[in-house]
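Summary of structural features
Read off the chains here:
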There are 4 protein chains.
Amino acid sequence: MTPTDPPHIAYLGPSGTFTEQAVVQLGGAATEATGSPAPFASVEGALDAVRSGRARSAVVPFENSVEGSVSATLDALIHGPALHIVREVHVAVQFALMVRPGTAEAQLRRLATHPHAEAQTRQWLAGRLPLCDVLPESSTARAAEGVAAGTYDAAIAAPLAATRHGLQILAPDVADRPGAVTRFVQLQLPGSLPPPTGADTTTLVAFIRHNHPGALLALLEQFAVRGVDLSRLESRPTGEALGQYCFAIDADAHVSEPRMAEVLTGLHRTCAQVLFLGSYPRADGRVSVRPPEAADTAYEQAQAWLDGLRCPPGAQPSS
Amino acid sequence: MTPTDPPHIAYLGPSGTFTEQAVVQLGGAATEATGSPAPFASVEGALDAVRSGRARSAVVPFENSVEGSVSATLDALIHGPALHIVREVHVAVQFALMVRPGTAEAQLRRLATHPHAEAQTRQWLAGRLPLCDVLPESSTARAAEGVAAGTYDAAIAAPLAATRHGLQILAPDVADRPGAVTRFVQLQLPGSLPPPTGADTTTLVAFIRHNHPGALLALLEQFAVRGVDLSRLESRPTGEALGQYCFAIDADAHVSEPRMAEVLTGLHRTCAQVLFLGSYPRADGRVSVRPPEAADTAYEQAQAWLDGLRCPPGAQPSS
Amino acid sequence: MTPTDPPHIAYLGPSGTFTEQAVVQLGGAATEATGSPAPFASVEGALDAVRSGRARSAVVPFENSVEGSVSATLDALIHGPALHIVREVHVAVQFALMVRPGTAEAQLRRLATHPHAEAQTRQWLAGRLPLCDVLPESSTARAAEGVAAGTYDAAIAAPLAATRHGLQILAPDVADRPGAVTRFVQLQLPGSLPPPTGADTTTLVAFIRHNHPGALLALLEQFAVRGVDLSRLESRPTGEALGQYCFAIDADAHVSEPRMAEVLTGLHRTCAQVLFLGSYPRADGRVSVRPPEAADTAYEQAQAWLDGLRCPPGAQPSS
Amino acid sequence: MTPTDPPHIAYLGPSGTFTEQAVVQLGGAATEATGSPAPFASVEGALDAVRSGRARSAVVPFENSVEGSVSATLDALIHGPALHIVREVHVAVQFALMVRPGTAEAQLRRLATHPHAEAQTRQWLAGRLPLCDVLPESSTARAAEGVAAGTYDAAIAAPLAATRHGLQILAPDVADRPGAVTRFVQLQLPGSLPPPTGADTTTLVAFIRHNHPGALLALLEQFAVRGVDLSRLESRPTGEALGQYCFAIDADAHVSEPRMAEVLTGLHRTCAQVLFLGSYPRADGRVSVRPPEAADTAYEQAQAWLDGLRCPPGAQPSS
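Residues numbered from 1 in each chain as written. Chains lettered and ligands numbered in written order. Predicted model: local features only at pLDDT ≥ 70, side-chain atom pairs only at ≥ 80, totals over all residues. Heavy atoms only, no water.

1. Structural notes on the overall build of chain A
Worth spelling out the cut-off: The helix count covers DSSP runs of H or I at least four residues long, the strand count covers runs of E at least two residues long, and both are numbered beginning at the N terminus. Exposure is judged per residue with a 1.4 Å probe applied to protein chains only, and the accessible area is read against the type maximum: over 50% gives exposed, under 20% gives buried, and values in between give partly exposed. Throughout, a residue-residue contact means that at least one pair of heavy atoms, one from each residue, lies within 4.5 Å. Shrake-Rupley sampling with a 1.4 Å probe provides the accessible areas, and residues are treated as covered by the protein chains on show and by no other component. Think of it this way: Lys and Arg go in the positive column, Asp and Glu in the negative one, and His and the chain ends go nowhere. Lysine's charge is taken at NZ, arginine's at CZ, aspartate's at CG and glutamate's at CD.
Of the regular secondary structure elements, chain A holds nine helices and 15 strands. Evaluated residue by residue, chain A yields a buried proportion of 53% over its 319 residues. In chain A, the share of contacts with a sequence separation of at least 24, taken over all contacts with a separation of at least 6, comes to 77%. Accessible surface computed for chain A: about 12,900 Å², of which carbon and sulfur atoms make up 53%. Placing the 23 positive and 31 negative side-chain charges of chain A at their respective mean positions leaves the two points 2 Å apart.

2. Let's talk about the interface of chain B and chain C
Note the following rule: Here the quantity called buried area is the total loss of accessible area, with a 1.4 Å probe, experienced by two parts when brought into contact, counted for both. Any carboxyl oxygen of Asp or Glu within 4 Å of a side-chain nitrogen of Lys or Arg constitutes a salt bridge here. In the scheme used here, Gly and all other residues not listed as nonpolar or charged are polar, with Ala, Val, Leu, Ile, Met, Phe, Trp, Tyr, Cys and Pro taken as nonpolar and Asp, Glu, Lys and Arg as charged.
In this assembly, 36 residues from chain B lie in contact with 36 residues from chain C. Both sides together, the interface formed by chain B and chain C hides about 3,000 Å², and carbon and sulfur atoms give 64% of it. Viewed at the interface, chain C and chain B are joined by two salt bridges. Those elements that place two or more of their residues in the side of chain B that touches chain C are α7 (215-224), α8 (258-270), β15 (273-281) and α9 (296-310) of chain B. With nine residues, α9(B) is the single largest residue contributor to the side of chain B that touches chain C. Partitioning the side of chain B that touches chain C into residue classes produces 18 nonpolar, 10 polar and eight charged.

3. Concerning the sheet that holds strand β15 (residues 273-281) of chain A
In a beta sheet, neighbouring strands pair by backbone hydrogen bonds and run either parallel or antiparallel. Residue and element names in this part refer to chain A. Quick reminder of the rule: Two strands qualify as a pair provided DSSP detects at least 2 bridges between them. The convention used is that axes are lines fitted to C-alpha atoms, helices contributing only their stretch in contact, and that angles between N-to-C directions extend from 0 to 180 degrees.
The antiparallel open sheet is built from four strands, whose spatial order is β13-β14-β12-β15. Both edges of this open sheet fall to β13 (230-237) and β15, since each of them pairs with a single strand only. The average undirected angle you get between the axes of adjacent strands in this sheet is 15°. Of the strand pairs in this sheet, β13 and strand β14 (residues 245-251) are connected by seven bridges, and their pairing is antiparallel. Bridged to Pro237 within β14 is Tyr245.

4. Concerning the relation of the copies chain B and chain C
Worth spelling out the cut-off: C-alpha atoms of residues with pLDDT of at least 70 in both copies form the basis for the least-squares superposition of the copies.
Between chain B and chain C, which share one sequence, the superposing operator has a rotation angle of 180° and an axial displacement of 0.0 Å; the RMSD is 0.1 Å. The superposition of one copy onto the other is thereby described by a two-fold rotation axis. Both copies contact each other with a shared surface, as 100% of the interface residues of chain B are interface residues in chain C too.

5. Brief notes about the interface of chain D and chain C
It is common to give the size of an interface as the accessible area lost on bringing the parts into contact. Between chain D and chain C, the contact holds 42 residues from the first and 41 residues from the second. Both faces considered, chain D and chain C share a buried interface measuring about 3,100 Å² in area, 56% of it formed by carbon and sulfur atoms. A per-residue breakdown of the area chain D buries against chain C is headed by Arg177(D), Leu217(D) and Leu242(D), which together make up 20% of the total. Linking chain D to chain C there are zero salt bridges.

6. A look at the packing of aromatic side chains
Residue and element names in this part refer to chain A. Note the following rule: Note on aromatic pairs: the rings of Phe, Tyr and Trp (six-membered ring only in Trp) are paired at centre separations within 6.5 Å, and the planes decide the class, stacked below 30 degrees, edge-to-face beyond 60, tilted for the rest.
If you walk through the whole model with that rule in mind, you get four aromatic pairs over all chains. Look at Phe18 and Phe95: their rings are 5.5 Å apart centre to centre, the planes differ by 80°, and that puts the pair in the edge-to-face class. Of this pair, Phe18 sits in helix α1 (residues 18-25) while Phe95 sits in strand β6 (residues 95-99); the two residues are 77 residues apart in sequence, bridging distant segments of the chain. With respect to class, Phe18 is no different from Phe95; both count as buried.

7. Here we look at the side chain of Arg259(C)
Residues and elements named next belong to chain C. What counts is decided by this rule: Contacts described as polar in this section are N or O atom pairs within 3.5 Å, which, within protein, must combine one atom able to donate a hydrogen with one able to accept it, while residues neighboring in sequence count only if both atoms come from side chains.
Residue placement: Arg259 occurs in helix α8 (residues 258-270). Within the structure, Arg259 has its side chain in polar contact with the backbone oxygen of Gly227 (distance 2.9 Å). A distance of 2.7 Å separates the side chain of Arg259 from the side chain of Glu257, its partner in a polar contact.

8. Describing the relation of the copies chain D and chain C
Mapping chain D onto chain C calls for a rotation angle of 180° and an axial translation of 0.1 Å; the resulting RMSD is 0.1 Å. A high fraction, 98%, of the interface residues of chain D reappear at the interface in chain C, so the copies pair face to face through one surface.

9. A word on the sheet that holds β15(B)
Residues and elements named next belong to chain B. Taken together, four strands build an open sheet; the order of strands is β13-β14-β12-β15 and the sheet is antiparallel. The strands lining the two open edges of the sheet, one partner per strand, are β13 (230-237) and β15. Pairs of neighbouring strands in the sheet enclose a mean axial angle of 15°, with direction left out of account. α8 contacts β12 (200-207), β14 (245-251) and β15 of the sheet and is inclined by roughly 5° relative to β12.

10. A look at the arrangement of the chains
Spatially, chain A is disjoint from chain C: no contact exists, and the shortest C-alpha separation is 13 Å. In this assembly chain B lies apart from chain D, the nearest approach of their C-alpha atoms being 13 Å.

11. Describing α8(B)
Residues and elements named next belong to chain B. The condition that has to hold: The span you would expect from a helix comes to 1.5 Å times its residue count less one.
When the terminal C-alpha atoms of α8 are compared, their 18 Å separation across 13 residues agrees well with the 18 Å that a helix rising 1.5 Å per residue should span. For α8, the tally of buried residues reaches 10 of 13 residues, placing the bulk of the element in the interior. Of the positions making up α8, those classed as buried are Arg259, Met260, Ala261, Glu262, Val263, Leu264, Thr265, Gly266, Leu267 and Arg269.

12. Remarks on the packing of helix α7 (residues 215-224) of chain D against helix α8 (residues 258-270) of chain D
Angle between the axes and distance between the axes are the two parameters that describe a pair of packed helices. Residues and elements named next belong to chain D. Put simply, the rule is: Between 65 and 115 degrees an angle is taken as roughly perpendicular, under 35 as roughly parallel, over 145 as roughly antiparallel, and anywhere else as oblique. Handedness of a crossing is defined here by the sense of rotation of the near helix relative to the far one, left-handed for an anticlockwise turn of less than a right angle and right-handed for a clockwise turn.
α8 packs onto α7 with a crossing angle of 160° between their chain directions and a minimal axis gap of 9 Å. Viewed along their axes, α7 and α8 adopt a mutual orientation that is roughly antiparallel. Judged by the sense of rotation from one axis to the other, the crossing of α7 with α8 is right-handed. Contacts between α7 and α8 involve Leu219, Gln222 and Phe223 from the former and Met260, Val263, Gly266, Leu267 and Thr270 from the latter. Residue composition of the contact of α7 with α8, by class: five nonpolar, three polar and no charged.

13. Points about unusual backbone geometry
Here the amide bond leading from Gly13(A) into Pro14(A) is cis, since omega sits at 5°, within 30 degrees of zero. With respect to the helices and strands, Pro14(A) occurs in the loop between β1 (9-12) and α1.

14. With respect to the side chain of Arg282(B)
All names here are of chain B. Following the sequence through the fold, Arg282 ends up in the loop between β15 and α9. A relative accessible area of 14% means that Arg282 is categorised as buried. Excluding residues that lie within four positions of it along the chain, Arg282 makes contacts with Glu88, Ala199, Asp200, Thr201, Ser231 and Asp252.

15. Quick look at the domain arrangement of chain A
The line we're drawing: Here the limits of each domain have been adopted from an automatic or database domain assignment.
One can read the domain layout of chain A as domain 1 (96-171) and domain 2 (193-311). Summarising the inter-unit geometry, the C-alpha centres of domain 1 of chain A and domain 2 of chain A are found 43 Å apart.

16. A few points about the packing of α8(B) against α8(C)
Remark: α8(B) packs on α8(C), axes separated minimally by 13 Å, with the N-to-C direction vectors making an angle of 140°. Read as a crossing pair, α8(B) and α8(C) show a hand that is left-handed. Facing α8(B), whose interface residues are Glu262(B), Thr265(B) and Arg269(B), α8(C) presents Glu262(C), Thr265(C) and Arg269(C). Tallied by class, residues from the contact of α8(B) with α8(C) come to no nonpolar, two polar and four charged.

17. As for the pairing of strand β9 (residues 154-157) of chain B
Residues and elements named next belong to chain B. Burial along β9 is two-sided: Ala154 and Ile156 facing one way and Ala155 and Ala157 facing the other are all buried. Taken together, the two bridges between strand β7 (residues 110-113) and β9 define a ladder with parallel strand orientation. Considered in β9, the bridge of Leu111 is made with Ala154.

18. Some remarks on the pattern of salt bridges
Tallying each qualifying case throughout the model produces 77 salt bridges over all chains. Of the charged contacts in the structure, one is a salt bridge between Arg259(A) and Glu257(A), with a shortest N-O distance of 2.8 Å. There is no split in this pair, since Arg259(A) and Glu257(A) are both buried. We note a salt bridge from Asp250(C) to Arg232(C), for which the minimum N-O separation is 3.1 Å. With Asp250(C) in strand β14 (residues 245-251) and Arg232(C) in strand β13 (residues 230-237), this pair connects stretches of sequence that are 18 residues apart.

19. Examining the state of the cysteines
Simply put, the disulfide is a covalent bond whose two ends are the sulfur atoms of two cysteines. Residues and elements named next belong to chain A. Here is the rule: The disulfide criterion used throughout: a pair of cysteine sulfur atoms within 2.5 Å.
What the rule picks out here adds up to zero disulfides over all chains. Cys246 takes part in no disulfide bond, and the closest cysteine sulfur, belonging to Cys271, lies 11 Å away. On the basis of relative accessible area, Cys246 is assigned to the buried category, the value being 2%.

20. Here we look at helix α5 (residues 140-148) of chain C
Residue and element names in this part refer to chain C. Within the span of α5, buried status applies to Thr140, Ala141, Ala143, Ala144, Gly146 and Val147. The secondary structure elements touched by the buried residues of α5 are β6 (95-99), β7 (110-113), α4 (115-128), β9 (154-157) and α6 (159-165). One or two steps after α5, the chain reaches Gly150, where phi turns positive at roughly 85°.

Shown next, in the form of structure tokens:
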């Protein structure tokens, strides 16, 4: 990092959420050279900081194993100037029930949390705190802050928030479905791509042409015929009308591989629009399945054969 | 309706939301015979009222043209005892900015709304009311109620809520994307299906088998090979792990048609699980495309031909 | 076999060819009860004997591992009244070079054979008998007969023909590609089908609709989507114009299996025409691959599930 | 043509057949500069003349609208050194019944023809000349020669043969199916390809990998996914065992088009073997269907887009 680089990471704040934890896992904690990571009030704000050069990269939530794609992130990436994912990290989502020190569980009447956290802890709350009102807040960290300030009796938030606000954890692992994971991504302006590692993901958003039955089938065949597996396919309304979708896709290959390049040009030819959101190493390190006919060497040999057909040895090129 | 039928419709409350408007559009307004539609605090609550016999049907939101599937509804249908959709209705989502009579726009500092409404009006609010804090509430109707009570300065809610709470509308049509529509469905216990009309939808949730690349391609081919178009395909995390989805599907055919029956048995054979959520008339009345080879008569003629092959005229059935 | 049954097998003659050997392998040798198998001058003649009731069954060549489908048989089945294959047998095609006893190889100048045999022995003849004229005859047996009569010096024919005509075999196994096999079928009037054995073939001819790009792809998907493998797919011109084909197909399943029944009705709906030529045990006894989702029980369970959806328990059928 | 070029065309003889007529239609009649076209006794012989430099090109039959592929031609192309088709021509197959002048139809007892001609006139002969023996000859021209020599009473041959041998035509258009057409091709050593015209064919032979169910489906998808139509797909036994085929394919595109190039490399990667037999103008001048997404410009734009992704403007290429 040179002295002229913007010094910090922008992330979806406030501090004390799982996004800050993702920043830490990504090695983005404050140093003298880089300054502190800066929280932003919205995904859009964090991304715009990168687009305008005020931050070198942004860390935002991308997908949750229970709730699916984070629509605010996907929409901000779709509708704004291009950014590319350069890294990803998985963070285990472990909510905690937290109160001011000394508050007894039986006293709880007003509990605050973010609606997404509420969605993942609804049954637990109904079973354990049936008499407690659940109030929505704009983030789990704000809910914790509100407990500290006396506005609420309790919050469902990340354990980090208890530390920040001096709260006591009554229940450390609150979840309707244990094992929830959120995937966070680090985004930069388009530039040199992370080199292929053999265990890479390429992330795309494809808009199929309207009124074309079988269009999704055709889209999937673009991958199948080149031997590229998908690890994620999520529909997302385009917002224009009921039944109009785009598809957020993670493919198990790097854009520098010929098979992935051919998929991308195939999509570009046949879709209404394709957004490339980056090629980067998988957080879980799972090596891509690559059948022999989809290997780089298979592509190279096929190209050499084709070149020979088009201009056989000894032939004089037509002039 | 006989005297012993449960008298009312259960719906996702509180009153004064778009769901209540859907009940009205469905002809479910209170009458002497049926009593008043009853609001419930959650989708789950409204559905359980039907399952337990306390309501004859439930009306809940199912899909929004901007936000996609309503995950609370889909999850409640997936995880609870079977209910079938018998009707659907589309409601134009027109939010209004409402205040206590006499409040000037320049005075607004604290605005409340439901997070879903906030997602659909975010840009409008940032442009028109940049200084106003946006606070989440558990429903748009509760936000309006809070304005009447003086807790908030303004609310983004359905126009109906202004009428209920004596509020004044400052801006009648607040939306980042005009033309947003929400689709509501009416659900009953499994029983006689609505008869086919030629313009029908069959709604399903399909769980593909794990670790089977190409499984979604195979699922789509089940429809294509029988000439059944899809009007909706939405992925939904199963909640088990990142990358595990089920698919919510609307197909343009009625289960009483042989082509749809063959699709359903094909899915039952090849998927890990298939949930049938009903066959019912389309709200928009669009007639299904039915290629000649997918017509009921094509199926009947093919079956007659097959029967003749298996036991040709004059042949003695093997005993 | 009752006394009123026609007593014999019709086969493509003359005697002394591989077809007669196929009759023997099928257990069709002459007995007191059945009389002698009767040779016919053409495939059409043998089939017509069955169609007119003068023979109970016909044995004709169907496919050769070197030359492909026997077009005379396929055309006669396509254009005449329906007959069904009830058995098949594979016969190793071992041609022999035969002469009148005492003729030396160096003396051979005029060699006769059938054009199909010539096609399978062309390179051998060019290498071993480069000075010998090769003259076409209407059957290999007729060529052998011509050698006995002094018309030709030598014949390429089935070993059986040497025995019949008192010829001497100079080279016992004449073939450009060793291991050639011809598949013969036994045909009857439509009637009770051979019962399924688990190692069965269903033979079809499908005419795809004209001017429908992707029609062959669609035809193949009819099989793939029901888990039925193909062991043979051969194009055959329909004779109407260049580029117009029908497809002769062997599928690895019996028409009594639900998966094969569904394939057949699917083809009947989508093809211009489908000819069913029988379901019968494979000569090689190879057991069909049947994935779990294509098993009879998978079809039965899917049908029971569908029946429950269409008329749920407790529902009153609509009247 | 320079003085050192071999001066003539090799063709499947003898003279007086439809192949000679194809040579004439291709403008290959004798001139002072080129010398006379030379008949060869076999397809293999004509092709070897080109391979060894004794002829500049060869004209041989390739496909017949009634009988399908000419297996001798296909086999000779598959098993020998590479040759490329550079032109094709369609010849209407009109057989004539010919006799020595003065012979009455009622006197005919011995008729000769080639087995392929016999196959196309079988029903006509059975109806018109039921008492006449049909004897096979090695070519229709040889049959006509035999009539002139008194060996046979009549021949079924090309009208050209009657002129050559002073025979009288008793029936000018003998055919079971009127309108039969044979397609002939002109072959050269690999060299500069004929330039694309917009109405081109690329001819291939593809060998799919053994024991791979669905392999033909996958092969067809290679074409479908790139928007290339097929005008011919013919199976051909490989000769190794029953059920082992290769596929002779005519595709409606020229190898210089990116869509066809991508199909070819796709086949090269996924098939056991692919033979390229040439790209050349269609005889019927039918312009290829080219959907917008398969146009050269669509490929070029997609490639430019991909290049931009891999090395975004301003990015320093990794070194």
